[in-house]
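This is what each chain is made of:
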Amino acid sequence: KFYRRDARTSCAVVVDPFIARHLRPHQRDGVAFMFECVMGTRASVHTNKAHTGCLLAHEMGLGKTLQVIALIWTLLKQSPFKRGAP
């Protein structure tokens with residue numbers, strides 16, 4: 001069964017403080033963007049459909065690897081849904 005998730009069953013997701021203190025502001029934005037895309041909470045501007053993934057590409061040395069590690073760690077350790085909610 002699939003259940004609709006909404007504001008009543010969702011909760012805040014926070015990047016681990018140990019990782020977060022090493023992220024620069026643009027990296028924090030990148031982690032938030034990737035999280036929204038992967039979780040399907042970000043809609044396309046053109047089609048208004050939910051994204052189900054993302055592509056991370058930029059110049060070398062901007063911390064893409066750290067952003068991906070922060071995203072994976074956050075997804076593994078937390079859920080955006082309250083425990084006990086269907």
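Located above this text is the structure these notes cover.
Predicted model, so just to flag it, every value in this text is computed and none were measured.

Definitions and cut-offs
Residues numbered from 1 in each chain as written. Predicted model: local features only at pLDDT ≥ 70, side-chain atom pairs only at ≥ 80, totals over all residues. Heavy atoms only, no water. Core = buried A, V, L, I, M, F, W, Y, C linked by side-chain atoms within 4.5 Å. Buried < 20%, exposed > 50% of the residue type's maximum accessible area, 1.4 Å probe, protein only. Contact = heavy atoms within 4.5 Å. Helix = DSSP H or I, 4+ residues; strand = E, 2+ residues; numbered from the N terminus.

(A) Structural detail: the nonpolar core. Ranked by size, the top nonpolar core spans 6 residues in total: V15, I19, A20, L23, V31 and A70. Leave out the neighbours within four places in its chain, and V15 touches A20, L23, V31, A70, T74 and Q78.

(B) Main features of the environment of L23. In this fold, L23 is placed in the loop between α1 (17-20) and α2 (25-39). Accessibility expressed as a relative area gives 6% for L23, which makes it buried. Between the alpha carbons of L23 and G63 there is a distance of 8.3 Å; along the sequence they are 40 residues apart. Excluding anything up to four places from it in sequence, L23 contacts V15, R28, V31, L66 and A70.

(C) Quick look at the environment of L71. Position of L71 among the secondary structure elements: in helix α3 (residues 64-77). L71 sits in the buried class, given a relative accessible area of 8%. Each C-alpha atom of the pair L71 and F33 lies 9.9 Å from the other, and the pair is 38 residues apart in sequence. Residues within four places of L71 in sequence aside, it is in contact with V31, M34, F35 and V38.

(D) Molecular detail of the environment of M39. When you line up the elements, M39 lands in helix α2. Assessed through its relative accessible area of 30%, M39 is described here as partly exposed. The spatial distance from the C-alpha of M39 to the C-alpha of G53 is 7.9 Å, given a sequence separation of 14 residues.

These results come straight from atomic positions and should not be treated as a statement about function.
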